[in-house]
Amino acid sequence: AQTLMNLGVVEAEEERFDAALRHLTSASELDPTHPLVLSNLGTVLHKTGQFSRSVAVYRQALAFEPESPNLHYNLANSLMDLAIQSDYPMLDSAIEEYSACLFRDPLYPGALNNLGNALKELDRFRPALRAWTAAQRVAGGESEDVFANLLHLRLFLCD
């Protein structure tokens, strides 16, 4: 399973996603309890726009490694993209997963930023502002994405 996973990761890095999916799917069939294999499979499914499948795979991985902030973060990202694509109520689930990530790692800047994005989508502007402000503090003012989100929200609220 390890060799197939490594091949899948290399293929994904080279953006050969069909080959990456074949290798990672085979690896997950050989070892369906390996969280890293499942995480990599979920990542490639997400990159190829297969958000429902990536959600299922990340949930499977979390069953074996429930304390992983990265798995909660990746699941939240897939849920958010699924929500934006077709199932808006899934944003609440994305917020829950970003919160689960932050419970395990309170200084995870991507989770703080994307939590703010999800909250803004639900018109929860003050909590979004708090999340982005925290992300800006954690990133030391170095994140252009967070700065842009903060600026956009402040301009929006001032209109």
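Below is a summary of the structure that appears in this document. On a predicted model such as this, the values are computed, not experimentally measured, just so you know.

## Looking at the packing of helix α1 (residues 2-13) against helix α2 (residues 17-30)
Helices that pack against each other are described as a pair by the angle of their axes relative to one another and the distance between those axes.
Thinking step 1. Close contact between α1 and α2 brings their axes to 8 Å; oriented N to C, the two are set at 160 degrees. By the angle between their directions, the pair α1 and α2 is classed as roughly antiparallel. Where α1 crosses over α2, the handedness of that crossing is left-handed. Here α1 contributes Leu4, Met5, Leu7, Gly8, Glu11 and Ala12 to the contact with α2, which in turn contributes Phe17, Ala19, Ala20, His23, Leu24, Ser26, Ala27 and Leu30.

## Concerning the pattern of salt bridges
Thinking step 1. According to the stated counting rule, one finds three salt bridges in the structure shown.
Thinking step 2. The partner of Arg104 in a salt bridge is Glu67, with the nearest N and O atoms 3.2 Å apart. Of this pair, Arg104 sits in helix α6 (residues 90-104) while Glu67 sits in the loop between α4 (51-64) and α5 (69-85), placing them 37 residues apart in sequence.
Thinking step 3. Of the charged contacts, one joins Glu121 and Lys120 as a salt bridge, the two residues approaching to 3.8 Å between their closest N and O atoms.
Thinking step 4. Glu121 gets classed as partly exposed once you look at its relative accessible area, which sits at 30%.
Thinking step 5. Residue classification places Lys120 among the partly exposed residues on the basis of a relative accessible area of 22%.

## A few points about the packing of aromatic side chains
Thinking step 1. According to the stated counting rule, one finds two aromatic pairs in the structure shown.
Thinking step 2. An aromatic cluster is present here, built from Tyr73, Tyr98 and Tyr108 joined pairwise through their rings.

## A few points about the side chain of His72
Thinking step 1. With respect to the secondary-structure elements, His72 resides in helix α5.
Thinking step 2. Classification of His72 by relative accessible area gives buried; the value is 8%.
Thinking step 3. A polar atom in the side chain of His72 sits 2.6 Å from the side chain of Glu97.
Thinking step 4. In this structure, His72 is in contact with Leu62, Pro66, Glu97, Ala100, Cys101 and Arg104, ignoring residues within four places of it in sequence.

## Considerations on unusual backbone geometry
Trans peptide bonds make up most of the peptide bonds, and negative phi angles are found at most residues other than glycine.
Thinking step 1. Of note in this structure, Glu15 is not a glycine but carries a positive phi near 60 degrees.
Thinking step 2. Relative to the helices and strands, Glu15 resides in the loop between α1 and α2.
Thinking step 3. What makes Glu15 exposed here is its relative accessible area of 62%.
Thinking step 4. Residues other than glycine seldom take positive phi values, yet Asp123 does so here, at roughly 60 degrees.
Thinking step 5. As for its placement among the helices and strands, Asp123 is situated in the loop between α7 (109-121) and α8 (125-138).

Rules used in this analysis
- Residues numbered from 1 in each chain as written.
- Predicted model: local features only at pLDDT ≥ 70, side-chain atom pairs only at ≥ 80, totals over all residues.
- Heavy atoms only, no water.
- Axes fitted to C-alpha atoms, helices over the stretch in contact; angles between N-to-C directions.
- Helix = DSSP H or I, 4+ residues; strand = E, 2+ residues; numbered from the N terminus.
- Parallel < 35°, antiparallel > 145°, perpendicular 65-115°, else oblique.
- Left-handed = near helix turned anticlockwise from the far one by under 90°.
- Contact = heavy atoms within 4.5 Å.
- Salt bridge = Lys/Arg side-chain N within 4 Å of Asp/Glu carboxyl O.
- Buried < 20%, exposed > 50% of the residue type's maximum accessible area, 1.4 Å probe, protein only.
- Phe/Tyr/Trp six-rings, centres within 6.5 Å; stacked < 30°, edge-to-face > 60°.
- Polar contact = N/O pair within 3.5 Å; in protein donor to acceptor, adjacent residues only side chain to side chain.

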